[in-house]
Amino acid sequence: MSLSTEKKKEMFWVMLLSRRLDERAWVLHRQGKIAFHISGIGQEAAQVGAVYAIEKGKDWLVPYYRDLAMMIGMGMTPKEFVMSLLGKAQEPTSGARQMPSHFSLRHANVVSHSAPVATQSPHASGIGFGIKMDGKDEVVLTTIGEGSTSQGEWYEAVNFAAIHELPVVFLVENNQYAISVPQEKQMAVKSAADKACGLGLRGIEVDGTQMFEVYDAVKEAVEIARKGEGPSVIEAKMYRLTPHSSDDDDRSYRTREEVEKHKKQDPLIVMKDQLIEQGLMTEEEYQKLEEKAKKVVDEAVEQANQSPYPKGDEAAAPVYAQEVNHD
Amino acid sequence: MTEITMVEAIRQAMDEELARDDRVFIIGEDVGVRGGVFRATQGLFEKYGEERVIDSPLAELTIVGVGVGAALYGKRPICEIQFADFIYPAFNQIVSEASKMYYRSNGQWTVPMVIRAPYGGGIGGGLYHSQSVEAFFTHIPGLKVVIPSNPYDAKGLLKSAVRDPNPVMFFEPKKGYRLIKGEVPENEEYTVPIGPAKITREGQDISLFTYGMMHHYALQAAEMVAEDGIDVEVVDLRTLYPVDRETILKSVQKTSKALIVHEDNLTGGYGAEVAATIAEWGFMNLDAPVRRLAGPDVPAVPFSHPMQEWFMINAEKIANAVRELAAF
């Protein structure tokens, strides 16, 4: 499927910006300025590839907590993300009620998710069910880590979507670890996509470090879904280049050699080299993007720092939605 | 007014809400062609079609999880859990998701849904077709918990629950489905608001707080002790969460004695909350300790009839508890 050069460069920019933003979050944490960060470093190619395959503002995204690049692709601003890191009142996902990276963006049809894994998957099927009931041609993209596909919630969600041929794309971001537990202790199959055949839907594997390959795979699944021809499971394989979260130390469960090996296949570098090799971007243009990313991130941090914290008693609400007229 | 059963009232409420609002749909096990194992959805599949009365897979988490998603999309799902005992696979979706969605999104997302489940024993259902589960959910801000005791309230409260923008747990006393009959207006639209309790029998001597099936027996018990000259005020709580503290405290102010009756087991049961409410805000009005009559602290209702009857609370047991408290 054809993406214009401009679009490809835009996608690379989202990847790059997300990476620099993510790295800044680690720095802020090590400086003691934020309490927590959960990272998506190493997963940006798949996230940006996937999110560009849906129609923003029309389709639905039910994400999980590593999807920073996906959220930037959906229109969340760097300032908004840094506000969530800092727990600032105006961060748009939860008014700073949730930990950072527990995303939601109502205006972009990005649904709020929680921390117990796989709880979002049935929501994606329910949204797909609503779409089908209304006869709309909207599509739901939902994401999850490979470890979380061990949950019954994921199987039940996929099963329901398959039964009713719902317009849902279940993207599994296989970063090979669930905190410390490797894939082979999560599943006996080689790929989470293999689980699809037991549930009666398409299962597709794709290299999650190749942004445009992920785009193509997700785009195809989206088009199938949009035509009313049912859901797909897509597994994009990549590698989590950071510890699980800012509270984790991955030296206790994987070797530095292993991590270093995967850093050589860092999707950001892979995509940069690819764009340059294909003559779509010059080294000079890339350097300019780096400068721009640094500036954008610096400004985001500065602006987020200036925004106010919520007052303590703002935590008292909102528990119940407004009553509607019962007459 | 016509006299109908509880289950008929519940069916009418769903029928009317399906007709009123095309966002409303029903999802659950055997709710479609079969019309529900208790026949609560009888005829609705034929009337509204498989698009709106949906036979789910045999998976309670699917029923609720898909319901949450559909509610986020703008639908108004009525999720049926076939027996309250089977609600635990959906617990994560109810507690982690439905109840917290509005708060955690700072008001961006609402989950307008109803989760209906028949609860309670005395029907030979054994451990896993008899449970009362309300106390798990009355602990959860963001949920509303409703338990009707009669056909009029069941219909009116269920209609309110469907129209409520929040997730509502709606527990139906299954023993009363056909046993409890009552008058419901014919051809007249009405709702019963979620929130207020109702004094169903005025009295001067003792306040008896209860709900659901036990309310039925409480009224019988009140008549039994009236012969002994004890004048019981029966308060049907109807909505357990958020609770109507005002009505509870006003009643205690009047009678100075409080008995709480529920079928669920005693420890950590809903009665503890009512007792604490009275102790905290009504203490100066009391002239006897607050009493609770509840199911025994065994894991669940046993199957064999003598053991089941040992577990279950009935009018006689309530009358005895009233007499004891009156004599204090």
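Novice: How should I be thinking about the overall build of chain A in this particular structure?
Specialist: Summing up its helical and strand segments, chain A has 11 helices and seven strands in all. Relative to the 2.2 N^0.38 estimate, which gives 20 Å for 327 residues, the radius of gyration of chain A is 19 Å and therefore close to what a compact globule would have. The principal-axis extent of the C-alpha atoms belonging to chain A is close to 55 × 50 × 45 Å. Looking at chain A residue by residue over its 327 residues, the buried ones come to 51%. Taking contacts inside chain A between residues at least 6 apart in sequence as the whole, the part at least 24 apart equals 74%.

Novice: Sorry, what's going on with the interface of chain B and chain A here?
Specialist: When the parts of a complex come together, some accessible area is lost, and that lost area is often taken as the interface size. Facing 38 residues of chain B, the contacting portion of chain A comprises 35 residues. Considering each element in turn, the side of chain B that touches chain A owes the most residues, 10 residues, to helix H3 (residues 60-73) of chain B. Classifying every residue of the side of chain B that touches chain A by side-chain character gives 15 nonpolar, 17 polar and six charged.

Novice: What's the story with the environment of Ile-140 of chain B in this structure? I'm lost.
Specialist: Residues and elements named next belong to chain B. For Ile-140, the location among the structural elements is in the loop between helix H6 (134-137) and strand S6 (144-146). Spatially, the C-alpha atoms of Ile-140 and Ile-278 are 21 Å apart, while their sequence positions differ by 138 residues. With sequence-adjacent residues up to four places away left out, Ile-140 is seen in contact with Val-95 and Ser-99.

Novice: Would you mind going over the environment of Ala-25 of chain A with me for this structure?
Specialist: All names here are of chain A. Relative to the helices and strands, Ala-25 resides in helix H1 (residues 5-30). As a C-alpha pair, Ala-25 and Leu-85 span 60 residues in sequence and 7.5 Å in three-dimensional space. Other than its neighbours up to four places away in sequence, Ala-25 contacts Ile-34, His-37 and Leu-85.

Novice: I would appreciate a short explanation of the sheet that holds strand S3 (residues 53-55) of chain B in the present structure.
Specialist: Neighbouring strands of a sheet are bound in pairs by backbone hydrogen bonds; such pairs are parallel or else antiparallel. Residue and element names in this part refer to chain B. A sheet is described by the order of its strands in space; here seven strands give the open sequence S3-S2-S4-S5-S7-S6-S12, paired in mixed fashion. The sheet is open, and its two borders are formed by S3 and strand S12 (239-241), each paired with just one other strand. Neighbouring strand axes in the sheet, compared pairwise and without regard to direction, differ in orientation by 20° on average. Pairing analysis gives three bridges linking S6 to strand S7 (residues 168-173), with the strands arranged parallel. Residue pairing across strands places Val-145 opposite Met-169, the latter belonging to S7.

Novice: Before we go on, may I ask you to explain the domain arrangement of chain B in this structure?
Specialist: Residue and element names in this part refer to chain B. Partitioning chain B into structural domains gives domain 1 (2-184) and domain 2 (198-326). Centre-to-centre, using C-alpha coordinates, domain 1 lies 26 Å away from domain 2. If you list the elements that add at least two residues to the side of domain 1 that touches domain 2, you get H6, S6, helix H7 (151-163) and S7. A per-element tally of the side of domain 1 that touches domain 2 places S6 first, with three residues. Of the residues that constitute the side of domain 1 that touches domain 2, the class distribution is 11 nonpolar, 11 polar and four charged.

Novice: Any chance you could explain unusual backbone geometry here in plain terms?
Specialist: Trans peptide bonds make up most of the peptide bonds, and negative phi angles are found at most residues other than glycine. Across the junction of Ala-317 of chain A and Pro-318 of chain A, the peptide omega takes the value 0°, indicating a cis bond. By the secondary structure assignment, Pro-318 of chain A is in the segment after helix H11 (283-306). For the bond from Tyr-241 of chain B to Pro-242 of chain B, the omega torsion is -5°, close enough to zero to count as cis. Within the secondary structure layout, Pro-242 of chain B lies in the loop between S12 and helix H10 (245-255). Even without a glycine there, the phi angle at Ser-101 of chain A is positive, about 70°. Tracing the backbone shows Ser-101 of chain A in the loop between helix H4 (78-86) and helix H5 (120-134). Look at Gln-176 of chain A: it is not a glycine, yet its phi comes out positive at around 80°. The class of Gln-176 of chain A is partly exposed, set by 19 C-beta atoms lying within 10 Å.

Novice: Even after reading the chapter, I still don't get the packing of H4 of chain A against H11 of chain A, so can you show me in this structure?
Specialist: Between two packed helices, both the angle of their axes relative to each other and the distance between the axes serve to describe the pair. Residue and element names in this part refer to chain A. Direction vectors running N to C along H4 and H11 enclose 50°, while the axes themselves pass 8 Å from each other. By the criterion of interaxial angle, the relationship of H4 to H11 is oblique. The interaxial crossing formed by H4 with H11 has right-handed handedness. From H4, Pro-78, Lys-79, Val-82, Met-83 and Leu-86 reach across to H11, where they touch Val-296, Val-297, Ala-300, Val-301, Gln-303 and Ala-304. Split by residue class, the contact of H4 with H11 holds nine nonpolar, one polar and one charged.

Novice: Looking at this structure, how should I read the nonpolar core?
Specialist: Across soluble globular proteins, nonpolar side chains show a tendency to be buried alongside one another. Counting residues in hydrophobic clusters, the biggest one holds 198 residues, and the most contacted among them are Met-15, Val-169, Val-218 and Ile-234 of chain A together with Leu-208 and Val-322 of chain B. Two domains share this core, each providing at least three of its residues, namely domain 1 (2-184) and domain 2 (198-326) of chain B. Those residues in contact with Leu-208 of chain B, other than ones at most four positions away along the chain, are Ala-218, Ala-222, Val-232, Glu-233, Val-234, Val-235, Leu-259, Val-261 and Val-322 of chain B.

Novice: Just to check I follow, could you spell out H5 of chain A for this structure?
Specialist: Each full turn of the α-helix corresponds to 3.6 residues, which orients residues three or four apart in the same direction. Taking 1.5 Å per residue, 15 residues should reach 21 Å; H5 of chain A reaches 21 Å between its end C-alpha atoms and fits that length. Of all the 15 residues making up H5 of chain A, 12 are buried; the element is thus mostly covered by neighbouring parts of the structure. Close packing links the buried residues of H5 of chain A with strand S1 (60-62), strand S2 (140-145), helix H6 (152-163) and strand S3 (168-174) of chain A together with H3 and helix H4 (91-98) of chain B. Gly-135 of chain A sits one or two residues past H5 of chain A and shows a positive phi near 65°.

Calculation rules
- Counting restarts for each chain: residues are numbered from 1 in the order of the written sequence.
- Chains carry letters from A onward and ligands carry numbers from 1 onward, assigned in written order.
- With the structure being a predicted model, the display of local features is reserved for residues of pLDDT at least 70 and the display and counting of side-chain atom pairs for 80 or more, all residues being used for whole-chain, interface and lining totals.
- Strands are runs of DSSP state E lasting at least 2 residues, helices are runs of H or I lasting at least 4, and numbering of each runs from the N terminus.
- In this setup the radius of gyration rests on C-alpha atoms only. A globule is expected at 2.2 Å times the number of residues raised to 0.38.
- Using C-beta atoms placed from the backbone, we call a residue buried if 20 or more other C-beta atoms fall within 10 Å of its own, exposed if 12 or fewer do, and partly exposed for counts in between.
- We call two residues in contact whenever the C-beta atoms placed from their backbones are within 7 Å.
- Under the scheme applied, nonpolar residues are Ala, Val, Leu, Ile, Met, Phe, Trp, Tyr, Cys and Pro; charged residues are Asp, Glu, Lys and Arg; polar residues are all the others, including Gly.
- DSSP calls a pair of strands paired once it identifies at least 2 bridges connecting them.
- The angle between two axes is taken between their N-to-C directions and runs from 0 to 180 degrees, where each axis is a line fitted to C-alpha atoms and a helix contributes only its stretch in contact.
- Each domain's extent is set by a domain assignment, obtained either automatically or from a database.
- Roughly parallel means an angle under 35 degrees; roughly antiparallel, over 145; roughly perpendicular, 65 to 115; everything else is oblique.
- A clockwise turn of the near helix away from the far one marks a right-handed crossing, whereas an anticlockwise turn of less than a right angle marks a left-handed crossing.
- Put simply, a nonpolar core is buried Ala, Val, Leu, Ile, Met, Phe, Trp, Tyr and Cys residues tied into one set by C-beta atoms within 7 Å.
- A helix's residues, less one, multiplied by 1.5 Å, set its expected span.

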